[in-house]
Amino acid sequence: MPPFDLDQTRAVVRLPELSAGGDHQNTLSAGAWVLVSGWGVEKEDSDRPAVSLRKAKLRVVNHIVCRLLYATVSVISEHMMCAGSASGRDACSGDSGGPLVHTDPMNVTTQYGVVSFGRGCGHMYHPGVFTNLADKSIRLYVKTVSGI
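How each quantity is defined
- Residues numbered from 1 in each chain as written.
- Predicted model: local features only at pLDDT ≥ 70, side-chain atom pairs only at ≥ 80, totals over all residues.
- Heavy atoms only, no water.
- Helix = DSSP H or I, 4+ residues; strand = E, 2+ residues; numbered from the N terminus.
- Buried < 20%, exposed > 50% of the residue type's maximum accessible area, 1.4 Å probe, protein only.
- Pairing = 2+ DSSP bridges.
- Contact = heavy atoms within 4.5 Å.
- Patch = residues over 30% accessible without salt bridge, like charges linked within 9 Å, V, L, I, M, F, W, Y side chains within 5 Å.
- Areas by Shrake-Rupley, 256 points an atom, 1.4 Å probe, with all protein chains shown as cover.
- Salt bridge = Lys/Arg side-chain N within 4 Å of Asp/Glu carboxyl O.

### Remarks on unusual backbone geometry
Here is step 1: Positioned with a positive phi, asparagine 107 is a non-glycine residue whose angle comes to about 65 degrees.
Here is step 2: Here asparagine 107 shows up in the loop between β4 (99-103) and β5 (109-117).

### Topic: the pairing of strand β3 (residues 80-84)
Here is step 1: β3 sits mainly inside the fold: five of its five residues count as buried.
Here is step 2: Of the two faces of β3, the one carrying Met80, Cys82 and Gly84 and the one carrying Met81 and Ala83 are both buried.
Here is step 3: Sheet analysis places strand β2 (residues 54-61) next to β3, joined by three bridges and oriented antiparallel. Paired with arginine 59 across the bridge in β3 is glycine 84.

### Overview of the environment of valine 108
Here is step 1: Positionally, valine 108 belongs in the loop between β4 and β5.
Here is step 2: Using a relative accessible area of 30% as the deciding quantity, one classes valine 108 as partly exposed.
Here is step 3: For the pair valine 108 and serine 93, spaced 15 residues apart in sequence, the C-alpha separation works out to 28 Å.
Here is step 4: With near-sequence residues (within four places) excluded, valine 108 lies in contact with Arg14, His102 and Thr103.

### Thoughts on a nonpolar patch on the surface
Here is step 1: A surface patch of nonpolar side chains, amounting to about 390 Å² of accessible area, comprises Phe4, Leu6, Val12 and Ile148.
Here is step 2: By the secondary structure assignment, valine 12 is in the segment before β1 (33-38).

Okay, structure coming up:
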């Protein structure tokens with residue numbers, strides 16, 4: 001039994017299989033479709049959060065490509081994964097901590113990431129950066145903090 005009650009506002013989310021130690025690979029292949037959601041601002045230059053839950057369909061970006069794209073801005077570690085779109089859709093300010101999920105062909109939805117940061121919102125050459133929930137050290141941290 002979980003240490004909390006489940007109801008219409010609280011539910012269990014499926015987490016991905018763990019990546020093999022030290023392989024620095026996401027469990028989702030580059031190009032896989034994922035969905036990010038949140039209540040953050042709808043435009044980079046706005047300070048007003050969305051009035052309703054928003055979502056954006058993104059594609060996973062190859063880890064090495066993401067590292068190269070952010071090379072002059074930030075360090076992209078093996079504990080992170082990137083996703084973006086050419087259409088300018090992305091997570092934005094206020095979405096941090098929100099889920100990045102993938103639904104497989106069997107209609108099973110799994111949370112693979114947590115919104116972390118990006119350079120602006122929806123910039124073509126700076127995809128969103130997410131905490132990679134398939135990473136062993138991240139999962140150990142989650143387990144330590146949550147107790148489950």
